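Chains, contacts and geometry: an overview
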Amino acid sequence: MMDKMNGKQDIRSLPFEALKDEIIKLGMPAFRAKQIYNWIHVKLVMDFEEMKNISRGDRERLKDIFYLDPMAVRDVQISSIDGTRKYLFLLSDGTMIESVWMEYHHGNSVCISSQAGCRMGCKFCASTIDGLARNLSVGEMLAQVYAITRDTGKRVSNVVVMGSGEPLDNYDQLLTFLHMISDEQGLCISQRNLTVSTCGLVPKILELAEEGLSITLAISLHAPDDALRQTMMPIARVYSIKQILEACRVYYGKTGRRLTFEYSLVKDVNDTRHHALKLAELLRGMNCHVNLIPVNPIKERKFQQSDRTNQQEFKKLLEKNGINATIRREMGRDIDGACGQLRRRHMDGQNGNTIKA
Ligand code: SAH
């Protein structure tokens, strides 16, 4: 993880109290911490030089021990269909990460990455093909939202941690991120508007249930039985659907938050009537919502999208059986849509850190 660059600490990763301690240690007055925190987390500056009310001397001292990643934009793809923007950021150590901006009627949403690459190995996902490069720091998660807010000039109302990576595999950083992005001293995005998507790391779901957060938890299910799920997601060999659903019940019991289940529809793999009925059976009685995602084909894999009629049929069968379901609107169909595709296009074969000339 990148909390340090050339021995310097990532100042954006520090929660207010921690920043205050550091500032006092530097011999600066405590109110300076408030000003600096505000520059970073409200005014969203990307450079110490932008901190106008901090004296040049103090800025220099900050620069001696801290760094602030400028979040260089390596590429942006803008959909001509719906205005969706896909950003590729180049971090200070050469790592590249993707984030997505989507405009909906109910507000603007940013989808962020929690790791560079991923080690979960889901068969249909582009982010995991080269494995995990590294965890992202708290600051690097925040900065994706900040850089996009600056670039669009519009307020972000929802953040979904559904980009590259498995957020619960970077748990401590994720948790601090969730606190800081919803904090009154920062962008103050309501926790109800934050969603974390997981492939189902059961112990971490149980841990998250205890944190007193009111975020939405989304579970990537993708199959109604373990045998099929194991062919799509290696993690299914570690945790059974039964264990996941038990953890979900605990999560709901503790938080009162309705769960979302994600189900990517893959032609002839998991999209038949039989699968829909089995899924409905599985989720019966749970306060949940099923998000059906027509699988986004990636060139490295053979998975095909379900036919439109199958998608509709699947949704109707769930609804008939009392399960709430929506088919996720495909945003940015004309740009590299699937998680990790843009990053991969810019990467040199196996090495997650190498940039193509
Ligand atoms: N690791 C987390 C979050 C990242 S992926 C998780 O597994 O939930 C966000 C969602 O997109 C997951 O449901 C994932 O399974 C799904 N996804 C990944 N690649 C996809 C693709 N090519 N088409 C459709 N959905 C995909």
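Given the structure is predicted, the values throughout are model-derived calculations rather than measurements.

Definitions and cut-offs
Residues numbered from 1 in each chain as written. Predicted model: local features only at pLDDT ≥ 70, side-chain atom pairs only at ≥ 80, totals over all residues. Heavy atoms only, no water. Axes fitted to C-alpha atoms, helices over the stretch in contact; angles between N-to-C directions. Helix = DSSP H or I, 4+ residues; strand = E, 2+ residues; numbered from the N terminus. Parallel < 35°, antiparallel > 145°, perpendicular 65-115°, else oblique. Left-handed = near helix turned anticlockwise from the far one by under 90°. Contact = heavy atoms within 4.5 Å. Nonpolar A, V, L, I, M, F, W, Y, C, P; charged D, E, K, R; others polar. Domains from an automatic or database assignment. Buried area = accessible area lost by both parts, 1.4 Å probe. Salt bridge = Lys/Arg side-chain N within 4 Å of Asp/Glu carboxyl O. Pairing = 2+ DSSP bridges. Right-handed = clockwise from strand over helix to strand, strands pointing away. Near = heavy atom within 4 Å. Polar contact = N/O pair within 3.5 Å; in protein donor to acceptor, adjacent residues only side chain to side chain. Areas by Shrake-Rupley, 256 points an atom, 1.4 Å probe, with all protein chains shown as cover. Buried < 20%, exposed > 50% of the residue type's maximum accessible area, 1.4 Å probe, protein only. Arc of directions from axis to C-beta.

1. Topic: the packing of helix α9 (residues 273-283) against helix α10 (residues 308-320)
- Look at α9 against α10: their axes get within 9 Å of each other, and the N-to-C directions meet at 30°. In this view, α9 runs roughly parallel relative to α10, as classed from their interaxial angle. Judged by the sense of rotation from one axis to the other, the crossing of α9 with α10 is right-handed. Contacts from Arg273, His275, Ala276, Leu277, Leu279 and Ala280 of α9 reach α10 at Glu313, Phe314, Leu317 and Leu318.
- Each residue belonging to the contact of α9 with α10 can be placed in one class, and the counts come to 7 nonpolar, 1 polar and 2 charged.

2. Looking at the domain arrangement of the protein chain
- Its domain assignment divides the protein chain into domain 1 (9-67) and domain 2 (72-332).
- Centre-to-centre, using C-alpha coordinates, domain 1 lies 33 Å away from domain 2.
- Across the boundary between the two partners, domain 1 contributes 17 residues, which contact 16 residues of domain 2.
- Buried surface at the junction of domain 1 and domain 2, both sides included, amounts to about 1,300 Å², of which 61% is carbon and sulfur.
- Viewed at the interface, domain 2 and domain 1 are joined by 1 salt bridge.
- The closest approach of N and O atoms between arginine 150 and glutamate 50, which form a salt bridge, is 3.2 Å.
- At 4 residues, helix α2 (residues 30-41) tops the list of elements feeding residues into the side of domain 1 that touches domain 2.

3. Brief notes about the pairing of strand β15 (residues 324-327)
- With 4 bridges connecting them, strand β14 (residues 288-294) and β15 associate as parallel partners. In the strand pairing of β15, leucine 292 is matched with isoleucine 327.
- Remark: the β14/α10/β15 crossover connection has right-handed handedness.

4. Observations concerning the side chain of histidine 289
- Assignment of secondary structure puts histidine 289 in strand β14.
- Setting aside residues up to four positions removed in sequence, histidine 289 forms contacts with Arg258, Leu259, Thr260, Phe261, Asn324, Ala325 and Thr326.

5. Focus on the site of the ligand
- Among the 18 residues in the neighbourhood of the ligand, the closest are listed as Gly165, Ser197, Ser220, His222 and Asn296.
- The separation between an oxygen atom of the ligand and a polar side-chain atom of serine 197 is 2.6 Å.
- Within the complex, 93% of the 530 Å² of free accessible area of the ligand lies under protein.
- Elements represented by at least two residues in the shell around the ligand include exactly β11 (194-198) and β13 (259-265).

6. Here's the deal with helix α6 (residues 202-209)
- All of the buried residues along α6 are Val202, Ile205, Leu208 and Ala209. The arc that holds every buried residue of α6, seen down its axis, measures 120°, which confines them to one face.
- Looking at the buried residues of α6, the elements they touch are α5 (171-182), β11, β12 (216-220) and α8 (241-255).

7. Comments concerning the pattern of salt bridges
- Counted under the stated rule, the structure contains 24 salt bridges.
- Among the ionic pairs, glutamate 207 bridges to lysine 204, the shortest N-O distance being 3.2 Å. Highlighted residues: glutamate 207 and lysine 204, both in helix α6, separated by 3 residues, approximately one helical turn.
- The partly exposed category is assigned to lysine 204, whose relative accessible area is 26%.
- Between lysine 254 and glutamate 210 there is a salt bridge, with the nearest N and O atoms lying 3.5 Å from each other.

8. Comments concerning helix α1 (residues 16-25)
- Among the residues of α1, those classed as buried are Phe16, Leu19, Glu22 and Ile23. Angular distribution of buried residues about the axis of α1 spans 125°; they occupy a single face of the element.
- Count one or two residues on from α1 and you reach glycine 27, which has phi positive near 85°.

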